[in-house]
Every structure is written in structure tokens, then in C-alpha cells.
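Listed below are the residues making up each chain.
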Amino acid sequence: MKLVIIGGSAGSFNLILSILNELDRDMETPIVIILHRLKNTSTILEDYLQLQSHYIVKEAEDKEFIKNGHVYLAPSDYHLLLEENLSFSLDTSEKVNYSRPSIDVSFESFSYVLKENCCGILLSGANADGAIGLKVIAQNKGISIVQDYNEAEYNTMPRAAIELYKEHTVLTVKDIIKKINNYGK
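Here's a quick rundown of the structure.

Procedures and definitions
- Residues numbered from 1 in each chain as written.
- Predicted model: local features only at pLDDT ≥ 70, side-chain atom pairs only at ≥ 80, totals over all residues.
- Heavy atoms only, no water.
- Salt bridge = Lys/Arg side-chain N within 4 Å of Asp/Glu carboxyl O.
- Helix = DSSP H or I, 4+ residues; strand = E, 2+ residues; numbered from the N terminus.
- Buried < 20%, exposed > 50% of the residue type's maximum accessible area, 1.4 Å probe, protein only.
- Axes fitted to C-alpha atoms, helices over the stretch in contact; angles between N-to-C directions.
- Parallel < 35°, antiparallel > 145°, perpendicular 65-115°, else oblique.
- Contact = heavy atoms within 4.5 Å.
- Pairing = 2+ DSSP bridges.
- Core = buried A, V, L, I, M, F, W, Y, C linked by side-chain atoms within 4.5 Å.

This part covers the pattern of salt bridges. Using the criterion set out here, one finds five salt bridges in the structure. With a closest N to O distance of 3.8 Å, D24 and K185 form a salt bridge. Of this pair, D24 sits in the loop between helix 1 (13–21) and strand 2 (31–35) while K185 sits in the segment after helix 6 (173–183), and the two are 161 residues apart along the sequence. In this structure, R100 and D77 form a salt bridge, with 2.9 Å as the shortest nitrogen-oxygen distance. In this pair, R100 is assigned in the loop between strand 6 (88–91) and helix 3 (103–114) and D77 in the loop between strand 4 (70–73) and strand 5 (79–82), connecting sequence segments 23 residues apart. On the basis of relative accessible area, R100 is assigned to the buried category, the value being 18%. In the salt-bridge network here, residues are joined through shared partners; they are K58, E61 and E64.

Pasting the structure below:
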């Protein structure tokens, strides 16, 4: 199974809306979104994202199996992991990079299971979360994409990924959308 996993923090919400809104109607590759957000936030995020996408948008649930045509959100205050049987696992261990969910934790977990079938995308953010995990995706022969930090509202996250591993593909959001649509075919 091929999968796209997107990580972002400060400045990435509107980018995620743009991405979901511009996905080809015939594309059904599952997408997982790891977004730094406050704990105990309501499902209004889920509802709002659903309005922007032809996918079914929902928070990932523990032991739920991944399905095509779905966008899954990491629940607030949980690390989102992937099991060998392609089901989710929710974890409440310590915060990583001051975050739970941590982009690094999810990127690494999904990469170890999916290997070359994992496409990781790191967007705008104000800390370095995701840089190590995206490098793991690349080292496991997956696709690793970083938003061009010149267009990122907060460029710390994309810049940290590029500084850690120079071989990532750096794209504008417009080109990220094209890449996702091509990947899903």
C-alpha cells in the first residue's frame, strides 16, 4: 500500500487546506496528517478539512486499519504509529520535540512499515520536529519532500530538514500538490 504522510505546524494549516482542495478526484491514496495542535481540540478541524476534500476525513482511531480514499488526522495529545498489519496505534509516551503528536515519531513509524511506499512531506513550522523522521523516510527509500522554506510562513521546520539531509526534494506547495497527484496514480 502506498501512503502520503504530511507533517506541519505553525503556518501549515492553510497549506493543508490547499493540498486537500487540489487533489485529483480519482486519487484515493490514503493521506495521514500530523499537525501540531492544542490538546482537547474539538472535531471542528476534522469537519473543516472534510469540506475541502473528496476524501473521507477523520481522526485515526487505535487499531483502525488504513483505507484508500481517507485522510486521517493524528489525534491531539497522541503519537500516531503504524503497525505491521497496517493499523494505527495511538501512543501517550513522552512528548518529542515538545510535541504529541510528534511528526518525527510518526514519520519514523510509517517509514519502517511502508519503506519505499511512504511519501513524507514536511511543511511550515517553528521547530525542528519532522527533520529526523523525514531523513528516515529517505533512507528507507521512500519519497521525502520539504516545502521550499522561502515560501514557508515559518521556515524553521523545512530548513532543519534540509540542513540535516540535503537529498530531500524541495518544492513549492503548488509543486507538492502535483507530486501527490502523480504519486497517487
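Next comes the rest of the write-up.
The interhelical angle for the contact between helix 1 and helix 2 (residues 44–51), taken along N-to-C directions, is 40°, at an axis separation of 9 Å. Considering the angle they form, helix 1 stands oblique to helix 2. From helix 1, F13, I16, L17 and L20 reach across to helix 2, where they touch L45, Y48 and L49.

This paragraph deals with the sheet that holds strand 3 (residues 56–59). Ordered by their spatial adjacency, seven strands build an open sheet running 3-4-2-1-7-8-9, and the pairing between neighbours is parallel. Unpaired on one side and paired on the other, strand 3 and strand 9 (169–171) mark the two borders of the sheet. Across this sheet, the average inter-strand angle for adjacent strands is 20°, counted without regard to direction. Examined bridge by bridge, strand 1 (residues 3–8) and strand 2 share five bridges and lie parallel to one another. Its bridge partner being in strand 2, G7 is matched across the sheet by I34. Sheet contacts for helix 2: strand 2, strand 3 and strand 4; angle to strand 3, the most-contacted strand, approximately 165°. Docked against the sheet, helix 6 engages strand 1, strand 7 (118–122), strand 8 (143–147) and strand 9, running at close to 160° with respect to strand 8.

Attention now goes to the environment of M27. Of note, M27 is situated in the loop between helix 1 and strand 2. In sequence terms M27 and K185 are 158 residues apart; their C-alpha atoms lie 6.7 Å from each other. Those residues in contact with M27, other than ones at most four positions away along the chain, are H54, Y55, I180, N181 and G184.

In terms of nonpolar packing, the biggest core is built from 28 residues, with I6, I19, I31, I121 and I180 touching the most fellow members. Other than its neighbours up to four places away in sequence, I180 contacts V4, I6, I19, L23, M27 and I121. If you look at the next biggest cluster of nonpolar residues, it comprises 26 residues, including V113, L114, I137 and V146.

This part takes up helix 4 (residues 131–139). Every buried residue of helix 4 is accounted for by A131, G133, L134, V136, I137 and A138. Just beyond helix 4, the residue with positive phi is K141, at close to 75°.

Further remarks concern the pairing of strand 5. The sheet contact formed by strand 5 and strand 6 spans four bridges and is antiparallel. Counterpart to H79 in the pairing with strand 6 is D91. As consecutive antiparallel partners, strand 5 and strand 6 are separated by five residues, and within that stretch L86 has a phi angle of approximately 65°, a positive value.

Such coordinate-based values are descriptive only and should not be taken to indicate function.
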